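Residues per chain are reported as follows:
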Amino acid sequence: MITKEEITIKVPSEVAEAYRNATEEEREQIEARIAVLLKSSMTSRQEAIAKLRQTMDDIGKRAAQRGLTPEILESILPNLIGISRQKKETNSW
C-alpha cells in the first residue's frame, strides 16, 4: 500500500476555488494527476542527471584513450581557465 502525505502548493485563486468546489471523486482524480506530473518531473530530472554523468564518463574514457592523463589535464587547465576569464573580461560592458 502506498502511503500518502498531504502537501501545500500555491495556485491561482480560481484554481483553488474550483478544487474546493469539486466532488471528492474529482479531487482524487486531480490529486492523482498532480502526483503523476510530479513523479514524471522527478524522473525526467534524474534521467537527465544520469545522462550527463554517462556523457562525462564517455568523454573521460575517450580522452584517456587518446593519451590525456590527470597530470596533463592539471597542466593545461590553468591556461584554459585563464583564456576563459580573458574572454569574459573582454566581453564585459
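Please read all numbers here as calculations on a predicted model, not as lab measurements.

**Quick notes on the overall build of the protein chain**
And step 1. Across its full length, the protein chain carries three helices and zero strands.
And step 2. Secondary structure elements of the protein chain occur, N-terminal to C-terminal, as α-α-α.
And step 3. Evaluated residue by residue, the protein chain yields a buried proportion of 2% over its 93 residues.
And step 4. Counting every atom, the protein chain has about 9,300 Å² of accessible surface; 57% of that belongs to carbon and sulfur.

**Brief notes about a negative patch on the surface**
And step 1. Residues Glu6, Glu25, Glu26, Glu28 and Glu31 make up a contiguous surface patch of negative charge.
And step 2. Assignment of secondary structure puts Glu31 in helix α2 (residues 24-65).

**Things to note about the pattern of salt bridges**
And step 1. Applying the stated criterion across every chain yields a total of one salt bridge.
And step 2. The residue Glu24 makes a salt bridge to Arg27 at a minimum N-O spacing of 3.3 Å. Linking Glu24 with Arg27, this pair stays in helix α2, spanning three residues, or about one helical turn.
And step 3. For Glu24, a relative accessible area of 47% corresponds to the partly exposed category.

**Let's talk about the confidence of the model for the protein chain**
And step 1. Of the residues in the protein chain, 89% have a pLDDT of 70 or more, and the chain-wide mean is 89.
And step 2. Of all the helices and strands in the protein chain, helix α3 (residues 70-91) carries the lowest mean pLDDT, 78, while helix α1 (residues 13-21) carries the highest, 97.

**Digging into a nonpolar patch on the surface**
And step 1. Residues Leu68, Ile72, Leu73, Ile76, Leu77, Leu80, Ile81 and Ile83 make up a contiguous nonpolar surface patch of roughly 600 Å² in combined accessible area.
And step 2. Tracing the backbone shows Leu68 in the loop between α2 and α3.

Criteria and cut-off values
Numbers given for residues are sequential positions, taken from 1 along each chain in its written order. The predicted nature of this model means local features are confined to residues of pLDDT at least 70 and side-chain atom pairs, given and counted, to a pLDDT of 80 or more, with totals for whole chains, interfaces and linings taken over all residues. Hydrogens are left out, water is left out, and the side-chain values use all remaining heavy atoms of the structure. Put simply, DSSP H or I for four residues or longer makes a helix, DSSP E for two residues or longer makes a strand, and each gets a number counted from the N terminus. Under the scheme applied here, a residue whose accessible area is under 20% of the maximum for its type counts as buried, over 50% as exposed, and between as partly exposed, the area being computed with a 1.4 Å probe on protein chains only. Computed with a 1.4 Å probe, the accessible areas rest on the Shrake-Rupley method; for each residue, only the protein chains presented here act as cover. Think of a patch as exposed residues, more than 30% relative accessible area, with no salt bridge, where like charges cluster within 9 Å and nonpolar side chains (Val, Leu, Ile, Met, Phe, Trp, Tyr) cluster within 5 Å. Here, a salt bridge means any Lys or Arg side-chain nitrogen found within 4 Å of an Asp or Glu carboxyl oxygen. Only four residue types enter the charge count: Lys and Arg as positive, Asp and Glu as negative, with His and the chain ends excluded. Where a charge lies is defined by one atom per residue type, namely NZ (Lys), CZ (Arg), CG (Asp) and CD (Glu). In predicted models, pLDDT denotes the confidence assigned by the predictor to each residue on a 0 to 100 scale.

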